[in-house]
Structures are given as C-alpha cells and as structure tokens.
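# Structural overview
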Amino acid sequence: MSRLTYDCIRSILEHEDQNLSDGIIVQILNPKVSTLEDKIYCKGAISCGNLSVYCVIKGTCAKESKEQYGAYELNKYDVVKFTKWQVKEAGSSTSKQKTFLIISGPYQILKTGLTSNIGNPRSYYDFPRGEGIPAPDPKNCIIPGSASTKEEVKESPAIKSKGRKSTIRMDGSPSKDVTDDYMPIKAISNQTFDWVILAKVTSKSAIRHYNNKNGPGKLFNVELADGYGTQIQATAFNAVVDKFYDMIEVGKIYRISNCSVKVANKKFSSIKHDYCLFINENSTFAISEDQGADIADVQISRIGLHIVANTSEGNALDLVCIPIEDYGTREILTKSGQTRKLRTILVVDDTKTEKMEEDEVLGIEVQIWGDKPENIRIDEGKILVIKGCRTNKFRDNISITCGDNNSFYYFEDVKHIKEMLLVMKWYKGITKGGKDIKSKVVNISGESSEDSSKTPTRMLIQADIERLEYYYTYVTLDLIRADERAVYTACPECRKKIDQSIEGKWECHACSKAFDKPNYTYMLSCKISDGYAYGERVGVKWLSAFGDQGQQLIGSISAHEYYKNCNEDLNDRDKLKDLAKENQFKKFRVLIKKSENEYQGEIRDRFTAIKIFPSRVAQENTHLLDILNQYNGA
C-alpha cells in the first residue's frame, strides 16, 4: 500500500511546513474534474491519512503534469505528490473563515486504481482550535524529508510504466527478455527502437480484402491503448493476418514489441497519434499476466462539430453527440445499380461556429450505411459515441458517414469518459424545463459551405427573373400527384425504366439484360409554393423529385410499398392520395436545378429537386431579414 506524508495537512494549515520542501504525498478523496482548457481542472478534498482539506488544482498545473509526467487525469483514491501550493482563506463577515489549498505546480500521480481511503481521514475543521486531532497511523505514513519519500516515488507503479512484466508469449512459450522496460505509447516514433509497450486491444476490425497494382491482398486493424490513455493503430497485411488475427482478442492486455513504425495517415484513423504500427512476422503479442491493469476499454479522440464543418472530406473521427431525430431507414439505388440501405439521424453537440447566435445549436446528419442499419440502437436525447466515422461532402453539403460495423457506445456501455460527461451536462442545461431545441438547430448538412457561396438562396420569382440554374428556396409542399406514375420500375444497373416480359423476367433494352426483379424508384411530380407574388407572377411551380428526394417528400412509405398499392387497385385514387399526404403542407428547404425540356414541339423549363431538407424557422427568418435589409438599403 502507498504511504502518505505524515500529518502534512495540519502542518501546512498551521504554517509549520518548513520541512515539506520535498513535497507532500496525499490521497484524492472526491475529485470533481473538468478539462485541461478550464481555469480550474479539479476541485475536491485531499487526505494525508488522518486529516482532509479542500483543494483546488489549476488547469495550467494539469497541463504541466501531462507534459512532465505523461499522466494528469485524477480519479477517486489516487495517490498524488504535490510540490507547490498556496494557502487561501474563504468566507465573509457572516460566515466562518475556512482555509483551503490551491495547487500551483505540476503534480505526479503515484498510484491509481485504489478503491478505498488510506487511514480514517476527518476534516480539519472537525477539530476546533486544532484540539483532539488524531495521530496518523505510522504504517500509512512516511516522515517528511526522509529518504523514504524518494523511495515511495521511485517504486510507484503508476509512474513506473516500465514495471509490469509478462513472462508468457502468445504461443505459450516463456519470454526470455522479461526484464525489458515498457515504453509509453506516446513516446513511440520512427526514431525509437527496441521498445516494448503494455497495451490493451480496444477494438479489432474485420478482415478487409482489396486489390491494387500489386494484386489482391487483405488486412485488419487493431486499436491499442495504454495506462496513460494514449492510443495507436496497428495494421497487419496478407500472411501476417493469418498468423495474428485469431490470436489477438479485444479487451485483452498484451506486451507488444518488434512492430514497424510508420507515419500515420489521419484519413484512415481517428487516433491522433503521429505514428502507426505495422505488424510483421517477427512482431510479438504476448499476453500480460496483469489483465487488471487500469486501462479503459474505450478510448476516444473527439472532434467537435465546429471542426467537422471546416474539415476535409474523408477524415476519420470519433464523435460525441446527442441524437435528436431519426429520419428512418430507406433503400438507395447506387450508380453501380446496386441497392443499399441508409439510415439518417440528426445529432447535436456543445460546440458552435462563429456565425451562430447564442441560443442556436450546432447539428449534423449522420448517415449509417450497411446491411441492417435499422437494428442499430439510436436513443434520442441520450449521449452517444460513434468511433471511426468519416466526413463526407457532396455538392454544398457536409455529413458524417459510418457503417453498421462501426462502434456505437452509450454512457452506460463504457467506463467514465470525460467528454461524454461534458456533452451530457451541456444538453441537460439547454433542455431544462422540457425545452424543444429542434427549431434552434443549425444543421450544417443543410447549410451552405464555403464552396457553396455560388449557390444563392432565392424566392421562386427571384430565381426566374435572374434565370438561375441552381438555387436554394424555402417552399411549402402543396400537392403530390399521386398515381401509378409516381413510381417506376428501374434497371438495377443503368436505372432506366424496364418492363416485365411474358416469361416474368424484367428486361432492360438499354443493357440487353434480364433481371428477376427491378428496383422500385420514386418519380414524383409535386406542386410547391413560397406564398409570394410580384405583378402577375406567383411563387408556384411543379417540381420533379426522384429516388431519395422523392422519398423525403412523400414520407415513410417506400417506393416498393407504394407500387404494390398501385397494383392492388388502380381505380382507388383516394387510397393513393392518402399515401401522399404525410408531408403535405409542410415546409422544406430545396436545392433546385432548372433545365430546358422539349414537350410537343415547345421548349419548357423543368425544375428538379437535387436535395431536400426540413425547413428551419430561424434559418428562414434570417434569410428573409437579409432580403429586407437589402430592400431598405436600396
């Protein structure tokens, strides 16, 4: 058991700390921690075994501790050495003056993972005038300034990251080099050699097959974390996959050595380490005897949505967010002619961009692709971590994509993660009293990015006068022409219309192929309006919406379901109209493309919905105010 500095709290508070120049070793009792960026990192009581006192640790001290010792995160019952402190008094004329400590220098974590107090500490203020203070238990204490202080620090396993050894290799043979030291993951670089790390496998990917100029191959990735919370990614290729894939287990702690070190490509991993590991034939993954080492099962490298809004496409990231709306799962016809499932959710976090108002909330759409994305648990209003998702940009919009093979964690699924606590505290604050924040969300998936400044937002009449080819507009869905033409049977490869032959096959004349079944695709004709008029012009148009955009307008019924209803009874027009009323008279923000089309010898304008978003009142009102300001300034 670690020992604490003899009666050091009484000595400090009574200004008898002349012999404490080497520092004090105390135990953290009930820390309330924040982040490194905050002015105050930690508040709580500290104990020397017989007494306790309130203590405040500055954020700058935590930063210095991270730089100097590698570890700074404080947990309940941790044993810590402090070398610099100040005594402060708090109180007023109407309350009793109390003294507390402010830590003003870096601290060293000597031991972590304890589950109880050392000794039986009581508050210093339980003893008026310092009378009756119990003597410390000698077995729990070290004498200030003695050699035992230095020995306690030297032998501490928490700072001696090299102290845990494994004597068993993965193949069961004894290790010959059990005296090797463990290197912290953060110290690994392509300039370090003959290192050994002690790390937990926090995740392992499936084996992925690929083809490149060198021919076919396969690989898998693992994420490793050590006791300092530092992560690194390791990758194995081809024959090495066969050797290590089944041997490496998620959640197990290994003694790892002899891996190649390369500069990391941040596009392929959300881990922030500058380097990554390549597992080779000579690499060693030896199971550690100390499977109880204090290493969290889930490590995250969080990126806030304010950074996602300006990041480049394809970057991997870990997202800590709150789902607030689930748009459901639908089938998407890809360019290759294959059908894929897509589930879209809207999430928010506690960050903001520069242009946002004080009461606005930043949100983004997360697209979940896969075989069964509908089976993924999505709880609205609960904090969620998505590991290894990616940013995606299409036209003017940015979103986050992931698959049903990505990792999704809720608060109860993992150990304490500070970022989750911070986002949860923020969300409880903005929804206090049952406040609905959906109307305050700035959805950056529907907002114009820096590259979209060329795509203006206009009223329908304005766009006609300016003869714009692409533009955004706010409209109401007045009507969907609900008949058998609303859905067509499409070729799975070229997406052109196909018909069923007498033999029951679906034949595509463009591809000269036959298929057992078609892809059912929306081809809606919709009437939209924005409610504005200018002279004889009115803000009304007929709009075409295909595929995914048609699904967005019609609501929850799939194209296949709609087609089946059409074929059950083509004369039941009222039934078809009912199917198309789910979103009628709702407002949307639409990206429209104008094109020319020949019809019965006449050239007519055709308007197509390229992208459709739910309308946001605050966003639309801002647009209208901009128009009024332009009018007033004219």
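For the structure given in this document, a descriptive report is provided here. Computed from a prediction, not measured in an experiment: that's the story for all the values here. (Residues numbered from 1 in each chain as written. Predicted model: local features only at pLDDT ≥ 70, side-chain atom pairs only at ≥ 80, totals over all residues. Heavy atoms only, no water.)

## Thoughts on the packing of aromatic side chains
- Taken as a whole and judged by the stated rule, the model has 12 aromatic pairs.
- Residues Y522 and Y562 carry aromatic rings whose centres are separated by 6.1 Å and whose planes lie at 70° to one another, so their mutual orientation is edge-to-face. Pair noted here: Y522 is in strand β32 (residues 519-534) and Y562 is in helix α9 (residues 559-568), with a separation of 40 residues, a long-range link.
- The class for Y522 is buried, based on a relative accessible area of 1%.
- Owing to a relative accessible area of 0%, Y562 belongs among the buried residues under this scheme.
- Grouping aromatic residues by their ring pairs yields a cluster made of Y210, F237 and F278.
- Directly above the aromatic system of W542 lies the positively charged group of R481, at a separation of 4.6 Å from the ring centroid.
- In this structure, R589 is placed above the aromatic ring of Y472, and the distance from its NZ or CZ to the ring centre is 4.1 Å. (Phe/Tyr/Trp six-rings, centres within 6.5 Å; stacked < 30°, edge-to-face > 60°. Helix = DSSP H or I, 4+ residues; strand = E, 2+ residues; numbered from the N terminus. Buried < 20%, exposed > 50% of the residue type's maximum accessible area, 1.4 Å probe, protein only. Lys NZ or Arg CZ within 6 Å of the ring centre and 35° of its normal.)

## Here we look at the pattern of salt bridges
- Scanning all chains against the criterion turns up 23 salt bridges.
- A salt bridge links R10 to E16; its shortest N-O distance comes to 3.1 Å.
- On the basis of relative accessibility, which here comes to 39%, the residue E16 falls in the partly exposed class.
- In this structure, a network of salt bridges that share partners links the residues D7, R10, E14 and E16. (Salt bridge = Lys/Arg side-chain N within 4 Å of Asp/Glu carboxyl O.)

## Notes on the environment of N519
- Within the secondary structure layout, N519 lies in strand β32.
- Judged by its relative accessible area of 12%, N519 is buried.
- Note: C-alpha distance between N519 and H560 (41 residues apart in sequence) is 8.2 Å.

## Concerning the nonpolar core
- The biggest cluster of nonpolar side chains holds 32 residues, and the ones touching the most others in it are I9, I24, I46, I57, L74, F82 and Y107.
- For this core, the secondary structure elements donating two or more residues are α1 (8-13), β2 (24-28), β4 (40-47), β5 (51-58), α2 (59-69), β6 (79-82), β8 (98-103) and β9 (107-111).
- Those residues in contact with L74 that lie beyond four places of it in its chain are P31, V33, Y41, C42, I57, V80, Y107 and I109.
- One finds C526, L579, V590 and I612 within the second-largest nonpolar core, a separate group that totals 31 residues. (Core = buried A, V, L, I, M, F, W, Y, C linked by side-chain atoms within 4.5 Å. Contact = heavy atoms within 4.5 Å.)

## As for the side chain of K387
- Take K387: it is sitting in strand β23 (residues 384-394).
- One polar contact links K387 to E223, side chain to side chain, over a distance of 3.4 Å.
- Discounting chain neighbours no more than four positions away, the residues touching K387 are E223, Q231, S270, V298, Q299, I300, L317, D318, N406, S407 and Y409. (Polar contact = N/O pair within 3.5 Å; in protein donor to acceptor, adjacent residues only side chain to side chain.)

## A word on the environment of L13
- Note that L13 resides in helix α1.
- Among all residues touching L13, those that are not within four sequence positions of it are V53, T99, L101 and Y124.

## Side note on the pairing of β2
- With respect to burial, β2 is a largely interior element, five of its five residues being buried.
- The pairing of β2 with β6 spans four bridges and is classified as antiparallel. Directly across from I25, in β6, lies its bridge partner K81.
- In this structure, β2 lies alongside β4, joined through two bridges in antiparallel fashion. Bridge pairing in β4 links I28 to I46. (Pairing = 2+ DSSP bridges.)

## Remarks on the sheet that holds strand β29 (residues 499-500)
- The sheet built from three strands is open, its strands ordered β29-β30-β31 with antiparallel pairing. The strands lining the two open edges of the sheet, one partner per strand, are β29 and β31 (513-515).
- Summarising the sheet, strand β30 (residues 506-508) and β31 pair through three bridges and their orientation is antiparallel. Bridging across to β31, C508 finds its partner in K513.

## What about helix α6 (residues 418-430)?
- The first and last C-alpha atoms of α6 sit 19 Å apart over 13 residues, in line with the 18 Å expected at 1.5 Å per residue.
- Of the positions making up α6, those classed as buried are K418, M420, V423 and Y427. (Expected span 1.5 Å × (residues − 1).)

## Notes on unusual backbone geometry
- Despite not being glycine, D7 shows a phi value in the positive range, around 50°.
- With respect to the helices and strands, the residue D7 is situated in the loop between β1 (4-5) and α1.
- Positive phi values are uncommon outside glycine, yet H15 reaches one of about 60°.
- With respect to the helices and strands, H15 occurs in the loop between α1 and β2.

## Digging into the environment of N406
- With respect to the helices and strands, the residue N406 is situated in the loop between β24 (397-403) and β25 (407-410).
- With 18 residues separating them along the chain, N406 and G388 place their C-alpha atoms 6.7 Å apart.

## What about the side chain of K611?
- Mapping K611 onto the fold places it in strand β35 (residues 602-614).
- Here K611 is buried and forms no salt bridge, its nearest opposite-charge partner E365 lying at an N-O distance of 4.9 Å.
- Leaving out residues up to four positions away in the same chain, K611 has contacts with N397, Q549, R589, V590 and L591. (Lys, Arg positive; Asp, Glu negative; His and termini not counted.)

## Focus: α2
- Listed as buried for α2 are G59, C61, A62 and S65. Across the axial projection of α2, the buried residues extend over an arc of 160°, all falling on one side. Looking at α2, the residues exposed on the side facing more than 90 degrees away from the buried face are E67 and Q68.
- Looking one or two residues past α2, G70 carries a phi angle of roughly 90°, positive in sign. (Arc of directions from axis to C-beta.)

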